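A look at the structure
Chain residues, written in single-letter form:
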Amino acid sequence: MQLARAENVTGYIIAPDPGAARLTRAVEGRDQNGDLIQISVVEERPLTIFLNAQEIVTAMTIGDYPEYLALGFLRNQGMLLVDDEITGVDYDDDLEIVVVRTARQTSYEEKLKKKTRTSGCAVGTVFGDMMEGLEDVSLPAVSVRTSWLYDLASQINRTPSLYLEAGAIHGTVLCREDRPLVYMEDVGRHNAVDKIAGWMMSEKETAEDKILYTTGRLTSEMVIKTAMMGIPVLASRSGFTAWGVEIAREVGLTLIGRMRGQRFVCLAGEDRLVRDVDPSTIRVEDKKHRRKSAGE
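Let me begin by describing the structure that accompanies this report. What you see is a predicted model, and the numbers here were worked out from it, not measured in a lab. (Residues numbered from 1 in each chain as written. Predicted model: local features only at pLDDT ≥ 70, side-chain atom pairs only at ≥ 80, totals over all residues. Heavy atoms only, no water.)

**Quick word on the sheet that holds strand β6 (residues 97-102)**
- Strand order across the open sheet formed by 4 strands is β4-β3-β6-β5, with mixed pairing between neighbours. Edge positions in the open sheet fall to β4 (54-61) and β5 (86-92), since each of these has one partner strand only. For this sheet the average axis-to-axis angle between neighbouring strands, irrespective of direction, equals 15°.
- Across 4 bridges, the pairing between strand β3 (residues 45-51) and β6 is parallel. (Pairing = 2+ DSSP bridges. Helix = DSSP H or I, 4+ residues; strand = E, 2+ residues; numbered from the N terminus. Axes fitted to C-alpha atoms, helices over the stretch in contact; angles between N-to-C directions.)

This is the structure we're talking about:
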């Protein structure tokens, strides 16, 4: 599988690679003054995911980490079980397909008949009942220091990324305490979190001691995926949807949004927070490190 470059991203296991040739394309245009300019724009590529012999979905993606995306998508859809034996994950770059093979025979014809288009960018899709599987979710009663949240936001906002190179993209970061570990980007935040889920599944990484940070909105889909992954804390610099908050409260997920500089808002799972730092001592966020959502 593809590995990210490590310069200027000390501490990451996987970090963004904004210089990767296949992820952006140089396009010429003219600015407001009519002057000729050249900018980098994000690529979109179709990726068709198969589970054994069954075609499941074609996703629009930037094209990196296709194996992780396929594994994570299938896991978050409930099509891969925790105890499934994965016998192969094969990616064909020419055909733009990933085939995930399991020892268990699978068939999801009925599940695929019911599709829900989610509110995710690049239009996410959930097959079957969106709430399926949540009744068995039990998230651990861990503590989360607010100093970790401030440190994570500062580190992540300063990490060289495809967003800073070309924009039009979302990021999701798997973290432990105040350390960001795996940083994935994609045109849809649902793709980015699926890549995280796929990496965790592939590496057999535990979830109970993790925080998931996203640059996108805290929607029902993001809350459901985070809970299904077993991660107890979801944080974002963006805002909330009402259904996202409702589901987070039902499953006991700590939901933190509008994280900008000294500020954040917790709308679910506040009992996990340990307020170990005075917000007034936190440095105000520099304008050059603010994403578009900071204006909310």
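Don't stop here, the text continues.
**So, the packing of helix α5 (residues 189-203) against helix α6 (residues 220-229)**
- Where α5 contacts α6, the axes come no closer than 11 Å and their chain directions differ by 5°. With respect to each other, α5 and α6 are oriented roughly parallel. Counted together, Arg189, His190, Val193, Asp194, Ile196, Ala197 and Met200 of α5 and Glu221, Met222, Lys225 and Met229 of α6 form the full contact between these two elements.
- For the contact of α5 with α6, the class distribution of residues is 6 nonpolar, 1 polar and 4 charged. (Parallel < 35°, antiparallel > 145°, perpendicular 65-115°, else oblique. Contact = heavy atoms within 4.5 Å. Nonpolar A, V, L, I, M, F, W, Y, C, P; charged D, E, K, R; others polar.)

**With respect to the environment of Gln155**
- As for its position among the elements, Gln155 is in helix α3 (residues 146-157).
- Judged by relative accessible area, Gln155 falls into the partly exposed class, the value being 34%.
- Spatially, the C-alpha atoms of Gln155 and Arg179 are 8.5 Å apart, while their sequence positions differ by 24 residues.
- Ignoring anything within four residues of it in the chain, the contact list for Gln155 reads Tyr12, Asp178 and Pro180. (Buried < 20%, exposed > 50% of the residue type's maximum accessible area, 1.4 Å probe, protein only.)

**Here we look at the layout of surface pockets**
- Approximately 470 Å³ is the volume attributed to the largest pocket.
- As for the largest pocket, its lining consists of 18 residues, of which Arg75, Val82, Met200, Met201 and Lys204 are closest to the centre.
- Counting residues per element, the ones that place at least two in the lining of the largest pocket are α1 (66-76), α5 and α6.
- Top contributing element to the lining of the largest pocket by residue count: α5, with 4 residues.
- Its residues assigned to classes, the lining of the largest pocket shows 9 nonpolar, 4 polar and 5 charged. (1 Å grid on protein atoms, 1.4 Å probe; cavity = no way out; pocket = protein on both sides within 12 Å on 5 of 7 lines; lining within 4 Å. Points joined across faces, edges and corners; volume = space filled by probe spheres on them.)

**Quick word on the pairing of β3**
- Burial analysis of β3 places 6 of its 7 residues in the buried class, which makes it a mostly covered element.
- For β3 and β4, the ladder comprises 7 bridges, and the chain directions are antiparallel. Across the sheet, the residue bridging to Thr48 is Thr58, located in β4.
- Where β3 folds back on β4, the antiparallel hairpin that results is connected by 2 residues, among which Asn52 adopts a positive phi of roughly 55°.

**Quick word on α3**
- Taking 1.5 Å of rise per residue, 12 residues should cover 16 Å, and α3 covers 17 Å from first to last C-alpha, within 8% of that figure.
- Burial analysis of α3 places 9 of its 12 residues in the buried class, the great majority of the element.
- Listed as buried for α3 are Thr146, Ser147, Trp148, Leu149, Tyr150, Leu152, Ala153, Ile156 and Asn157. (Expected span 1.5 Å × (residues − 1).)

**Thoughts on unusual backbone geometry**
- The phi angle at Asn52 is positive, at roughly 55°, despite the residue not being glycine.
- Within the secondary structure, Asn52 is located in the loop between β3 and β4.
- Notably, Arg258 is not glycine yet its phi reads approximately 55°, a positive angle.
- Residue placement: Arg258 occurs in strand β14 (residues 254-260).

**A closer look at the packing of aromatic side chains**
- Applying the stated rule across the entire model yields 3 aromatic pairs.
- For the pair Tyr12 and Tyr183, a centre-to-centre distance of 6.2 Å together with 45° between the ring planes defines the contact as tilted. Of this pair, Tyr12 sits in the segment before β1 (24-30) while Tyr183 is found in strand β11 (residues 179-186), placing the two residues 171 residues apart along the sequence. One exposure class covers both Tyr12 and Tyr183, and it is buried.
- The interplanar angle of 55° and the centroid separation of 6.0 Å between the aromatic rings of Tyr150 and Phe264 together place this pair among those described as tilted. Here Tyr150 is found in helix α3, whereas its partner Phe264 is found in strand β15 (residues 263-268), with 114 residues between them in sequence.
- Classification of Tyr150 as buried rests on a relative accessible area of 8%. (Phe/Tyr/Trp six-rings, centres within 6.5 Å; stacked < 30°, edge-to-face > 60°.)

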